[in-house]
Structure formats: structure tokens, C-alpha cells
Amino acid sequence: MKIALFPGDGIGPEVVASAVETLNRLDDKYSLGVETETGLVGGCAYDATGNPLPDSSLELAKKADAILLGAVGGPKWESLDYSVRPERALLGLRAELDLFANLRPAKIYPALINASSLRPEIVSGIDILVIRELVGGIYFGQPKGVEKLDDGTERGVNTLVYTTPEIERIAKVAFESARKRGGKVCSIDKANVLESTELWRRVVTEVHKDYSDVELSHMYVDNCAMQLVRNPKQFDVIVTTNLFGDILSDEAAMLTGSIGMLPSASLAGAKGMYEPVHGSAPDITGQDKANPIATILSAAMMLRYTFGKEDAANDIETAVEKILDEGYRTADIHSEGTKLVGCKEMGERINGAI
Ligand code: NAD
């Protein structure tokens with residue numbers, strides 16, 4: 001298992017260190033054959049080389065089976081030109097590796113049920129996987145831009161474009177994922193208004209013929225936005241376009257409470273980049289306050305999706321649940337009556353529970 005580690009900036013190195021301990025623990029338990037190599041991306045890479053994604057890091061990413069990334073960015077680099085901003089490294093990795101499927105689970109842990117802004121009976125038991133198409137759609141379609149018109153006004157354009165192969169490959173990821181979970185896919189579109197998503201619906205329906213063991217339904221995006229807060233438990237896997245997925249994955253994530261708990265995967269086939277949803281959290285950097293769980297759960301996704309090690313992935317998730325049940329909390333999820341611990345101790349406790 002060749003894993004490229006990019007701790008990045010801010011709390012990135014702190015949370016990645018905990019997740020690496022988790023991988024080492026599982027390596028001992030299951031003899032996984034984990035090999036890690038660390039590289040620079042983001043602001044730290046810019047400081048060292050003048051480039052947020054140096055060639056050596058890109059090479060490392062390309063030859064690895066999977067990438068574990070912490071976070072990039074921070075106030076130090078905010079005045080840089082956009083072309084060398086730390087965040088460019090993420091876009092560069094996604095594009096260079098063609099990471100077309102973004103997977104974001106939104107699962108509620110019973111111990112954290114009160115962290116949600118929705119009533120416990122609405123959110124208890126939710127376990128949703130939002131699959132967002134990541135390298136196509138309106139964020140990339142041509143033509144795009146803002147032009148001046150003769151009458152002095154302006155015209156802004158973006159193009160929502162999807163081709164059959166782009167939809168087929170993301171639909172397959174959704175059906176394959178559903179097979180490993182609750183066996184249901186809900187495809188989200190706006191086929192009543194947008195022709196390109198009418199094609200989306202047709203192609204997803206066609207791909208479904210090879211996955212008749214999985215239940216497929218379709219929903220318009222406006223309805224989905226409502227259903228996520230009305231009755232989120234109806235969803236298992238949601239698959240959708242880049243723009244709709246951007247919005248719905250944040251909405252689904254917030255059902256569960258803290259950003260420090262949310263992992264993600266961006267996949268191109270089995271190869272994937274795994275990272276917490278949160279950023280570099282400059283306000284708590286270097287204080288041992290970060291919640292490492294999002295990154296540790298990202299390592300679990302890596303074991304599941306890139307390496308097919310379902311047992312090892314389940315081990316991590318069970319250990320996280322156990323430590324939360326025992327009442328341990330980092331500051332972001334801490335409440336009265338629970339035990340406050342730092343990043344390092346939270347990681348150690350989870351690893352100890354594996
Ligand atoms: P952020 O996610 O870094 O922080 C938002 C808030 O959540 C902060 O109060 C922070 O302390 C808290 N938080 C985040 N992760 C946490 C964790 N693991 N444990 C405990 N608390 C946590 O978002 P921001 O403040 O908007 O951005 C800070 C920097 O991170 C910016 O430079 C931004 O561009 C960058 N960023 C990077 C990524 C990425 O690398 N994928 C994503 C988002 C933002």
C-alpha cells in the first residue's frame with residue numbers, strides 16, 4: 001500500500017500525524033504492508049519551492065495508490081497571486097489525477113446527536129453518502145466568463161455540460177458504493193428544466209440496468225434540499241452533478257454537527273485522495289486542540305475504497321464510536337459532562353481502541 005502523505009499547513013500536520021498512527025496500528029494488526037512517503041503541498045510547499053504543488057509532490061502523488069492530505073492555506077499566503085495560492089495545489093491534484101468522484105459521508109454518531117441543529121428524532125440514525133461529480137459540469141463547461149456589451153452592461157456566462165461517459169463513470173461509482181452500504185441510490189437532477197440533467201437522468205437509468213440489485217430513485221434538486229432537512233433518513237447514496245453536489249454535501253454534512261468529524265474521498269477508480277472536509281484552522285494551529293477524527297475517518301475511507309479492506313475500515317469507525325461513547329471530546333465537540341482531550345490524546349485513545 002503506497003500512500004503519499006501531504007500534511008500541508010496549519011493543523012494539517014497535527015491531524016495527519018494521528019491518522020498515520022492509526023494506519024500503523026492497523027498495519028500491525030492486519031499486516032497491510034503500508035509504505036508512506038511524505039511530500040510538501042500548499043503554503044509550506046510554496047515557502048520551500050515557490051510552487052504550492054512542486055513537480056516532486058505531483059510525481060509522488062502519481063506513483064502512490066492513495067494520498068492522505070491534511071489541509072492547505074492560511075493567512076500567511078492570502079496576499080499571494082491566485083496562481084500560487086496554497087489552494088491551487090488541491091485543484092492541481094484533482095485535475096492531474098482526474099479525481100472525478102467526490103465522496104462525502106454524513107453519519108451521525110449517537111453520542112453527538114445534540115450537536116446537530118435538527119431535532120434528535122430527525123437526525124438519529126442518519127448515514128448518507130453524497131457522491132459529487134468533481135471535474136465536470138458548470139464549474140468547467142465552456143464558454144465561461146464575463147463580457148462587456150455594446151450598451152455598457154455586462155453578460156456573465158457559465159455552461160452546464162455533461163457527456164455520456166462522464167455520467168456513466170460517476171453513476172457506476174454510486175451503484176458500486178451502494179452495494180457496500182444500504183443498497184439504494186437517489187440521483188439528483190433538475191431534469192424538468194435543464195436538458196443536460198435530463199441526459200444525466202437517462203444515462204444513470206441506463207447504467208442502473210447492470211445493477212438491478214441496487215434500488216434507484218430520482219429526485220429534483222430543490223426537493224432534495226427540502227428532504228434532507230425534513231426526512232434525511234430516507235437517503236443512502238445520493239449521486240449528483242458538481243454544482244448540486246457542492247451545495248447538497250455541505251447541507252448533508254451539517255446535519256451531523258461539527259466540521260472536525262467529516263472525512264472525504266476523491267476517487268479516480270481505485271486511486272484516491274483522502275482528506276478531512278475542514279481547512280487548516282489557523283486559529284487553533286499548534287495548540288493541540290484540533291479534532292483528528294475527520295482525518296482518521298478519511299484513512300478509514302482509504303482502506304475501504306482504495307484497498308478494499310472493509311474489516312480494517314470498520315475497525316477504525318467502531319473505535320471512533322467507542323471513544324465518543326466513553327465521553328472523550330476535543331474542544332470543537334465538547335459539552336458539559338464530557339471529557340475534554342487534545343488532538344494527540346484523542347488520536348491515541350482511538351488507536352488504543354482498535
Ligand atoms: P477551517 O475549516 O480551517 O476552520 C473553520 C472553523 O472550524 C475554525 O474555527 C476552526 O478552528 C474550526 N475547525 C476546523 N477544523 C477543525 C478541527 N479539525 N478541529 C477543531 N476545529 C476545527 O476554515 P477557514 O477558517 O475558512 O479556512 C482557514 C484556511 O483553510 C483558509 O486558508 C482556507 O483557504 C483553507 N481551507 C483549506 C481547505 C482544504 O485544505 N481542503 C478547506 C477549507 C479551507
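Fair warning: this is a prediction, and the values are worked out from it, not measured in the lab.

**Student:** Just to check I follow, could you spell out the packing of helix α1 (residues 12-30) against helix α11 (residues 310-325) for this structure?
**Tutor:** Working note: a packed helix pair is described by the angle between its axes plus the distance between those axes. Remark: α1 packs on α11, axes separated minimally by 11 Å, with the N-to-C direction vectors making an angle of 130 degrees. Taken together, the axes of α1 and α11 are oblique relative to one another. Handedness of the crossing formed by α1 with α11: right-handed. Together, Thr22, Leu26, Lys29 and Tyr30 of α1 and Asp311, Ala312, Asp315 and Ile316 of α11 make up the contact between the two elements. Of the residues in the contact of α1 with α11, the class split is four nonpolar, one polar and three charged.

**Student:** I keep staring at the site of the ligand and nothing clicks. Help me out?
**Tutor:** As a structural note, the neighbourhood of the ligand is formed by 20 residues, with Glu87, Gly279, Ala281, Asp283 and Asn291 the closest of them. A distance of 2.8 Å is found between an oxygen atom of the ligand and a backbone nitrogen or oxygen belonging to Ala281. Side-chain polar atom of Asp283 to an oxygen atom of the ligand: 2.8 Å apart, as the coordinates give it. Taken by itself the ligand offers 800 Å² of open surface, and the protein chains cover 69% of this. Its residues assigned to classes, the shell around the ligand comprises nine nonpolar, seven polar and four charged.

**Student:** Teacher, can you tell me more about the packing of helix α6 (residues 164-179) against helix α7 (residues 195-208) here?
**Tutor:** At their nearest, the axes of α6 and α7 sit 9 Å apart, and the two run at 50 degrees to each other. In terms of orientation, α6 and α7 fall into the oblique class. Crossing handedness for the pair α6 and α7: right-handed. Residue-level inspection shows Thr164, Ile167, Glu168, Ile170, Ala171, Lys172 and Phe175 of α6 in contact with α7, the latter providing Leu199, Trp200, Val203, Val204, Val207 and His208. For the contact of α6 with α7, the residue count by class is nine nonpolar, two polar and two charged.

**Student:** What is the right way to look at α7 in this model?
**Tutor:** Residue pairs spaced three or four apart in an α-helix point in one direction, given the helix's 3.6 residues per turn. Taking 1.5 Å of rise per residue, the 14 residues of α7 would be expected to cover 20 Å, and the 20 Å separating its terminal C-alpha atoms lies within 8% of that figure. Within α7, the full set of buried residues consists of Ser196, Thr197, Leu199, Trp200, Val203, Val204, Val207 and His208.

**Student:** What should I look at first to understand the pattern of salt bridges in this one?
**Tutor:** Where charged atoms of side chains with opposite charge meet at close range, the side chains can pair. Applying the stated criterion to the full structure yields 22 salt bridges. Across the pair Arg169 and Asp98 runs a salt bridge, and its minimum N-O distance is 3.0 Å. One end of the pair, Arg169, is in helix α6; the other, Asp98, is in the loop between α4 (88-96) and β4 (101-107), with 71 residues separating them in the sequence. The exposure class of Arg169 is partly exposed, given its relative accessible area of 25%. The closest approach of N and O atoms between Asp250 and Arg104, which form a salt bridge, is 2.9 Å. Here Arg104 lies in strand β4 and Asp250 lies in helix α9 (residues 242-254), a separation of 146 residues in the sequence. Assessed through its relative accessible area of 41%, Asp250 is described here as partly exposed. One network of salt bridges, with partners in common, ties together Asp127, Arg181 and Asp236.

**Student:** Please explain the nonpolar core as it appears in this structure.
**Tutor:** The nonpolar side chains of soluble globular proteins are, as a tendency, buried together. Counting 67 residues, the largest nonpolar core has Leu103 and Leu303 as the members making the most contacts within it. It is helix α10 (residues 293-305) that provides the largest number of residues to this core, a total of nine residues. Mapping this core onto the domain boundaries places at least three of its residues in each of domain 1 (1-99 + 263-354) and domain 2 (127-255). Contacts of Leu103, omitting those with residues within four sequence positions, involve Leu129, Val130, Ile131, Val173, Ser177, Pro263, Ser264, Ala265, Leu267, Met301 and Tyr305. Within the second largest apolar cluster, 19 residues are counted, among which are Ile128, Cys224, Ile238 and Leu248.

**Student:** Is there a simple way to think about α9 in this case?
**Tutor:** Spanning 13 residues, α9 covers 18 Å between terminal C-alpha atoms, matching the ideal 18 Å at 1.5 Å per step. Buried within α9 are the following residues: Asn242, Phe244, Gly245, Leu248, Ser249, Ala252 and Ala253. Projected down its long axis, α9 shows its buried positions confined to an angular sector of 145 degrees, all on one face.

**Student:** Whenever I open this one, the sheet that holds strand β8 (residues 184-189) confuses me. Can you help?
**Tutor:** Hydrogen bonds between backbone atoms are what pair the strands of a sheet, whose relative direction is either parallel or antiparallel. Here we have ten strands laid out as an open sheet, ordered β2-β1-β3-β12-β11-β4-β5-β10-β8-β9, and mixed in their pairing. Across the chains shown, the open sheet's two edge strands, defined by having one partner strand only, are β2 (35-38) and β9 (215-220). Across this sheet, the average inter-strand angle for adjacent strands is 20 degrees, counted without regard to direction. Where strand β1 (residues 2-8) meets β2, four bridges bridge the pair, whose relative direction is parallel.

**Student:** Please clarify how the pairing of β9 should be interpreted in this entry.
**Tutor:** Every regular strand shows the same layout, with side chains that alternate between the two sheet faces. Here β8 runs beside β9; their pairing, made up of six bridges, is parallel. Paired with Asp189 across the bridge in β9 is Tyr220.

**Student:** What should I look at first to understand the domain arrangement of the chain in this one?
**Tutor:** Size of an interface, as often reported, equals the accessible area lost when the parts are brought together. Structurally, the chain comprises domain 1 (1-99 + 263-354) and domain 2 (127-255). Distance from the C-alpha centre of domain 1 to the C-alpha centre of domain 2: 26 Å. Taken together, the six residues of domain 1 in the interface contact six residues of domain 2. Across the domain 1/domain 2 interface, buried area totals approximately 610 Å², and carbon plus sulfur atoms make up 57% of it. Here domain 1 is connected to domain 2 by one residue pair in polar contact (both at pLDDT 80 or more).

**Student:** How do you make sense of the packing of aromatic side chains when you look at a structure like this?
**Tutor:** Counted according to the given criterion, the structure contains two aromatic pairs. Centroid distance Tyr162 to Trp200: 5.3 Å. Interplanar angle 65 degrees. Geometry classified as edge-to-face. Linking Tyr162 in the loop between β7 (154-159) and α6 with Trp200 in helix α7, this pair joins segments that are 38 residues apart in sequence. When its relative accessible area of 5% is taken as the criterion, Tyr162 is described as buried. Note on Trp200: relative accessible area 0%, which makes it buried. Note on Phe175 and Tyr211: the rings are 5.1 Å apart at their centroids and 20 degrees apart in plane angle, and the pair reads as stacked. One end of the pair, Phe175, is in helix α6; the other, Tyr211, is in the loop between α7 and β9, with 36 residues separating them in the sequence. Taken individually, Phe175 and Tyr211 each receive the classification buried, so the pair is uniform in this respect. In this arrangement the basic side chain of Arg169 is found over the ring face of Phe100, its NZ or CZ atom lying 4.0 Å from the centre. Residue placement shows Lys339 over the ring face of Tyr328; its charged tip is 4.5 Å from the ring centre.

The rules we used
Residues numbered from 1 in each chain as written. Predicted model: local features only at pLDDT ≥ 70, side-chain atom pairs only at ≥ 80, totals over all residues. Heavy atoms only, no water. Axes fitted to C-alpha atoms, helices over the stretch in contact; angles between N-to-C directions. Helix = DSSP H or I, 4+ residues; strand = E, 2+ residues; numbered from the N terminus. Parallel < 35°, antiparallel > 145°, perpendicular 65-115°, else oblique. Left-handed = near helix turned anticlockwise from the far one by under 90°. Contact = heavy atoms within 4.5 Å. Nonpolar A, V, L, I, M, F, W, Y, C, P; charged D, E, K, R; others polar. Near = heavy atom within 4 Å. Polar contact = N/O pair within 3.5 Å; in protein donor to acceptor, adjacent residues only side chain to side chain. Areas by Shrake-Rupley, 256 points an atom, 1.4 Å probe, with all protein chains shown as cover. Expected span 1.5 Å × (residues − 1). Buried < 20%, exposed > 50% of the residue type's maximum accessible area, 1.4 Å probe, protein only. Salt bridge = Lys/Arg side-chain N within 4 Å of Asp/Glu carboxyl O. Core = buried A, V, L, I, M, F, W, Y, C linked by side-chain atoms within 4.5 Å. Domains from an automatic or database assignment. Arc of directions from axis to C-beta. Pairing = 2+ DSSP bridges. Buried area = accessible area lost by both parts, 1.4 Å probe. Phe/Tyr/Trp six-rings, centres within 6.5 Å; stacked < 30°, edge-to-face > 60°. Lys NZ or Arg CZ within 6 Å of the ring centre and 35° of its normal.

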